[in-house]
Every structure is written in C-alpha cells, then in structure tokens.
Amino acid sequence: MKKPWIIWLLAVLITLTAVYYQRKTGPTHPKFEKIVLNGKEYKLKFLRSYGEEKDCKINFSIPDKLVEATIYYKRYPTPDSFIAMPMKRQGDELVAYLPQQPPAGKIAYYIELQEGNNYHYLLKEEPVIIRFKGKVPNGIIISHVLLIFLAMFFSNLAGLFAVAKKDQFRKWAYVAFSLLLVGGMIFGPIMQKYAFGAFWTGFPNGMDLTDNKTLIAFLFWAIAIIMNIRKKRAGWVVAAAIIMLLINSIPHSFMGSELDYKSNEVITASLGEIGVYLL
C-alpha cells in the first residue's frame, strides 16, 4: 500500500461494508417477508422501530381486492392476549394503526391474510417486535449519523495508514477521535434523551449495548491518542481502529432500552442477557 489513494479507497470500502452489514442485521430496521397470493408474489414490509407522536401506520401494498387481512398485536413483553384488528383497504393498500406506546414501549404483531377460503399467517410463530420512541429532531439525527459515519471512516483510514507505516496516521487518528467524541459522546446521549428520556443508559447507569459499545470505542481511542502524544506508536492506533470496527459490527440498538409495563420504568439488558447473545 505505497500509494495513498489505495489506502483511502480501502477505508471507504471497509466503512461502507460495515455500515451495510449493521443496517442489515440491526433489530430496528424493517423486516421483509414474501408471500404468494392468487398466483402473485408480494414483498411485505414490517416496521420494527417508530418515532412519531401518533399511532403507527402499518400498510401493505396488495392491489388484489379479493385479499383481506387482519393484524394481531399485544404489548411486549406482557402476558396480554393478542388483539385482532381488521386491516382496512385504502386503494391498493391494506392499512391498520398500532396504538402509540410510551418511549421504549414495544408491541409484538403478526398478520393473517385471507384469499377466499385460504388463510395465510405471517410471523405468527415469531411475531415482529416494534419499539416506540420519542420524536428526535432531524437536525440531531443527521448530525449524529454523519459524525459517527465519518468517525468510522477516519478510524479505518488511520488504522490503514498505521499498518502501512505512513506518517499521516497520527493526524487521521486525531480526526477520528474528535469525530467520535462529538458524534458518539455528545450527540449520542442527546438522541437517547429525546428517544427514551435518559441521556445515558450504558455503564454505570445500565447495560444498554449501544451506549456501552460507544464508550468502549471512545476509551480505546482515547488511550491510542494519549500514547501517541509524545511519540508515534502505530500499534495503538491499529488496535483502536480494529476495536471500533468490531464494535460497530454489533447490531445497532440490540438489547437497548425497553419499557417494563408492570413498573412503568425503562430498563436495559442485563449482563446475563448480553452474555447469552455474545455466546
């Protein structure tokens, strides 16, 4: 990797690959299911995260007027029984509204599709879990996402320059750390406050995996920066970049805040639950 442009290109590819993987594996991104009705295949989108101050619209594009649908839902996790709610047809769509929940409240739901005398159940055995959250201003969301993306990119860039033993690695390390500080440790808690009512639910306040992985990445990068103040130590930058890449491969929002409907308190994952996931 003697040519700098190769390093920049690799950093872009690694960052985009990591972002794509995280989006595909995260528990907050929509789930898609395919089904064939009257000889035609449909791809239905099931929401798993919602942040508006009104009931959540669930809609499926099924132009076939002979197809009817019923959505079954209940609060999660509770012993409540599922409530059946017929979906209404609006043009080419079948539509229903899940009732608004407090921040971090969740609803489990699945659907029943009927074509004549044939009934089809989608996700009945493993219902979709949708988590509600408070409305976050677009400016906060854009700032957080952009800064974290750039922090990931410059982290990868610094790590690759360090591997290639190029002097620029320390400059890009400072940039990566600064972006992580602002995007992860400032805008991250602000987003958390808007969405779930608390600035920080990671250690020592809780075991929110997203907050904790941000904290771990920040601490590793802080150590790498300190170790490079007086002398260039590429190994520390490589280690921090690898740690950040691995941490950002963990699905975003996994084991995040959840409303306990009994106590009406927002809780996060326990150490035991995180251990089960990691194993």
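What counts as what
- Each chain carries its own residue numbering, running from 1 in the direction its sequence is written.
- In keeping with the model being predicted, local features are shown solely for residues with a pLDDT of at least 70 and side-chain atom pairs are shown and tallied solely at 80 or more, while totals for entire chains, interfaces and linings include all residues.
- Working from all heavy atoms in the structure, the side-chain values ignore hydrogens and water.
- Per the convention used, a helix needs a DSSP run of H or I reaching at least four residues, while a strand needs a run of E reaching at least two, with both numbered from the N terminus.
- Multiply 1.5 Å by the residue count of a helix minus one, and that product is the helix's expected span.
- Accessibility here uses a 1.4 Å probe with only protein chains present; expressed as a share of the type maximum, an area under 20% marks a residue as buried, one over 50% as exposed, and anything in between as partly exposed.
- Here, residues are in contact when the closest pair of their heavy atoms is within 4.5 Å.
- Like-charged residues within 9 Å of one another, or nonpolar side chains (Val, Leu, Ile, Met, Phe, Trp, Tyr) within 5 Å, are grouped into patches, provided each residue has over 30% relative accessible area and no salt bridge.
- Shrake-Rupley sampling with a 1.4 Å probe provides the accessible areas, and residues are treated as covered by the protein chains on show and by no other component.
- One side-chain nitrogen of Lys or Arg within 4 Å of one carboxyl oxygen of Asp or Glu is enough to make a salt bridge.
- For the charge count, each Lys or Arg is scored as positive and each Asp or Glu as negative, with His and the chain ends excluded.
- Positions of charges follow a simple convention, taking NZ of Lys, CZ of Arg, CG of Asp or CD of Glu.
- The predictor reports its confidence for every residue as pLDDT, a score running from 0 up to 100.
- Aromatic contacts are taken between Phe, Tyr and Trp rings whose centres are within 6.5 Å, Trp giving its six-membered ring; a plane angle under 30 degrees counts as stacked, one over 60 as edge-to-face, and the others as tilted.
- For a ring to carry a charge above it, either NZ of a lysine or CZ of an arginine must fall within 6 Å of the ring centroid while also lying within 35 degrees of the normal to the ring plane.

Enquirer: Even after reading the chapter, I still don't get helix α6 (residues 234–247), so can you show me in this structure?
Expert: For an α-helix, the turn length of 3.6 residues means that residues three or four places apart are oriented alike. For α6, spanning 14 residues, the distance from its first C-alpha to its last is 20 Å, which sits close to the expected 20 Å at 1.5 Å a residue. Listing the buried residues of α6 in full gives V237, V238, A240, A241, M244 and I247. Looking at the packing, one finds that the buried side of α6 touches α2 (138–163), α3 (169–185) and α5 (209–227).

Enquirer: Honestly, a positive patch on the surface in this entry has me stumped. Any pointers?
Expert: Taken together, R23, K24, K34 and K43 make up a surface patch of like positive charges. The topology assignment puts K24 in helix α1 (residues 4–25).

Enquirer: Looking at this structure, how should I read the confidence of the model for the protein chain?
Expert: Fine structural detail should not be taken from predicted coordinates in areas where pLDDT scores are low. Looking at the protein chain as a whole, its pLDDT mean stands at 88, while 92% of the residues score no less than 70. In this model residues 270–279 is a low-confidence stretch, pLDDT under 50, and it forms ten contacts with partners more than four residues away in sequence or in other chains.

Enquirer: How do you make sense of the packing of aromatic side chains when you look at a structure like this?
Expert: For any pair of aromatic rings, the description consists of the separation of the ring centres together with the inter-plane angle of the planes. Tallying each qualifying case throughout the model produces ten aromatic pairs. Here W8 and W172 contribute two aromatic rings whose centre-to-centre distance is 5.3 Å and whose plane-to-plane angle is 85 degrees, an arrangement assigned as edge-to-face. Of this pair, W8 sits in helix α1 while W172 sits in helix α3; the two residues are 164 residues apart in sequence, bridging distant segments of the chain. For W8, a relative accessible area of 32% corresponds to the partly exposed category. What makes W172 buried here is its relative accessible area of 16%. With a centroid separation of 5.0 Å and 75 degrees between ring planes, the pair formed by F153 and F154 is classed as edge-to-face. We classify F153 as buried; its relative accessible area is 11%. Joined through ring pairs, the aromatic side chains of W8, F153, F154 and W172 make up one cluster. It is R75 that lies over the ring of Y261; its NZ or CZ is 4.6 Å from the centre. The residue whose ring lies beneath K124 is Y121, and the NZ or CZ to ring-centre distance is 4.6 Å.

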